[in-house]
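# Structural overview for review
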Amino acid sequence: MKSDSLAESLTCIDCGATYPLTYRLECERCRGLLELRYDIARLRAVGPELFSGSGLWRYAPVLPIADPAHRLTLGEGGTPLLDCPRLAGELGVRRLLLKFDGPNPTGTVKDRSSATAVAAALGFGYRATSVVSSGNAGSSVAAYSARAGLPSLIFAYERASAPKLLHMAATTTNLIIYKGVYDDLITIWDRLVEERLFFDCGASRNAYKQEGKKTLAYEIAEQTRWTPPDVVVAPVAVGETFIATARGFREMREAGWIARAPLMVAAQATRANGVARAFRDGTAITPLKIGYTVAEGLAAGDPGKKGAWVLRLLREGKGLAGDAEDDEILAAQRRLARVEGIWAGPTGVATLAVLARLLAQKQLDPAQTICAIISETGLKTEAEPPSRTAIAFDDATLRRLVIERLG
Ligand SMILES: *Cc1c(COP(=O)(O)O)cnc(C)c1O
Ligand SMILES: [Zn+2]
């Protein structure tokens, strides 16, 4: 039976060389990154009827996993696109849509890429997976590997939040805490990938893994009945989410499903703002030596070749980039919870903090429909709990309190 996946080739983003759909992380000719290409003519001819079912694998025709037997799931994708009129009012924008990825199985956008990464690991016959993580990728890759029956070797950031560490410890048998930050380990780990001891579940090069995050664009387009927002604000650590989302919209435009692709905004934490700074200064990215940011998932000082790719997309697509300080990120977290009831983690709300800044600086038109990707749940946030001072009540004091608070 012919597979329903319309993936055709791996294509070098620098020199255009194409390769069949084998396991390959970079271009043989120029070492450029590779991206997946699809049968756009068929997308155009059939239209969104191609899709069936729910969740991430609804979009299997635009994902590179040919064999349905490899399409493992924990229920990822299909997350809500929430219209947020009260927050829009506070920010002074006409319409604000939040793509909230907190409801994913491990609470973050990472589940989209873990699903396709581990599916590809099965497809290419790998016996184990590994990833270097600040916490979210580790949780997610561990969970999907367990689901696939594969052992995983998870390297986690020493300052990862306790809930993330608990989650990783529960789902992997091999949890290793590494010294320093992501950048300190990723370069040497990336070199080890070549030895094929494990399937590369890292963000640096694996096109099959990145592809899962493209479903964000397809979901946003479908949820807006193929009239996507004018602007989409996406988080950038290494750049997978941004690149994959931008390309999803580009595919749909090439297929004639949408009239135009949204303007893409890259959002970073100021303490790890390599892409935003290079964009602002009109330069190439200079790797940053970074310390801690509350947006743990964005703590990459050297986004490598993917960062350069993000920058190229921003410059070609007339996109924008911005960053936000940790206190602005924490303020955005509190505001989102209070105003719209959405409890998201600091990494997840960095987009919102950056959006608020860009609006204040009049870099975005508030008359447009703006969508921000909120990429993680707040339930994995570690912070001081609120006061536990307890009160004992009788009839009278209880009545008085209720009237005082709600009367
Ligand atoms: C990893 C992560 C991101 C972005 O990472 P990219 O590598 O740029 O895709 C965003 N939000 C959360 C919650 C993450 O864990
Ligand atoms: Zn090349």
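For the structure, see preceding data.
So, here is what we can say about the structure in this document. Remember, predicted model here, so these are calculated numbers, not experimental data. By convention here, each chain's residues receive numbers from 1 onward along its written sequence. To label them, take the chains in the order written and letter them from A, then take the ligands in the order written and number them from 1. In view of the model being predicted, local features appear only for residues whose pLDDT reaches at least 70, and side-chain atom pairs are presented and counted only at 80 or more, with totals across whole chains, interfaces and linings using the full set of residues. Heavy atoms throughout the structure, all of them, feed into the side-chain values; hydrogens and water do not.

### Focus: the nonpolar core
What counts here: Grouping buried Ala, Val, Leu, Ile, Met, Phe, Trp, Tyr and Cys residues that are joined through side-chain atoms within 4.5 Å yields what is termed a nonpolar core. Burial here depends on accessible area, computed with a 1.4 Å probe over protein chains only, as a share of the maximum for the residue type. Under 20% is buried, over 50% is exposed, and the range in between is partly exposed. Helix and strand labels come from DSSP, where a helix needs a run of H or I of at least four residues and a strand needs a run of E of at least two; each type is numbered from the N terminus. By definition in these notes, contact holds between two residues if any of their heavy atoms fall within 4.5 Å.
Core analysis: the biggest nonpolar cluster contains 98 residues, and Leu 43 and Phe 249 have the highest contact counts within it. The leading source of residues in this core is helix α3 (residues 110–123), at six residues. If we ignore the near neighbours within four places in the chain, the residues touching Leu 43 are Leu 6, Leu 50, Val 62, Tyr 218, Ala 255 and Trp 257. Among the nonpolar cores identified, the runner-up in size contains 37 residues, and Phe 100, Val 233, Ala 353 and Leu 364 belong to it.

### Structural notes on the site of ligand 1
As a reminder, the rule being used: Summary of the distance rule: residues count as near a molecule or strand when at least one heavy atom falls within 4 Å of that molecule or strand. Polar contacts, as used here, are pairs of N or O atoms within 3.5 Å; protein pairs need one atom able to donate a hydrogen and one able to accept it. Residues neighboring in sequence count only if both atoms are side-chain atoms. Reported accessibility uses the Shrake-Rupley method at a 1.4 Å probe radius. Residues are deemed covered only where the shown protein chains occlude them. Every definition here rests on a 1 Å grid over the protein atoms only: cavities are sets of points where a 1.4 Å probe fits but cannot get out, pockets are open sets enclosed by protein on both sides within 12 Å along at least five of seven lines, and lining residues have some atom within 4 Å of a point. In this scheme, a molecule is assigned to a cavity or pocket if more than half of its atoms are within 2 Å of the grid points. For this scheme, ten residues count as nonpolar: Ala, Val, Leu, Ile, Met, Phe, Trp, Tyr, Cys and Pro. Four count as charged, namely Asp, Glu, Lys and Arg, and the remainder, Gly too, count as polar.
The environment of ligand 1 is made up of 15 residues, and the closest members are Lys 110, Ala 237, Gly 239, Thr 241 and Ser 375. Interatomic distance of 2.9 Å between a side-chain N/O atom of Asn 136 and an oxygen atom of ligand 1. Within the contact set of ligand 1, an oxygen atom lies 2.5 Å away from a side-chain nitrogen or oxygen of Thr 241. In the complex, the protein chains occlude 97% of the 380 Å² of accessible area that ligand 1 would expose alone. The cavity where ligand 1 resides is the largest cavity. For the shell around ligand 1, the residue count by class is five nonpolar, six polar and four charged.

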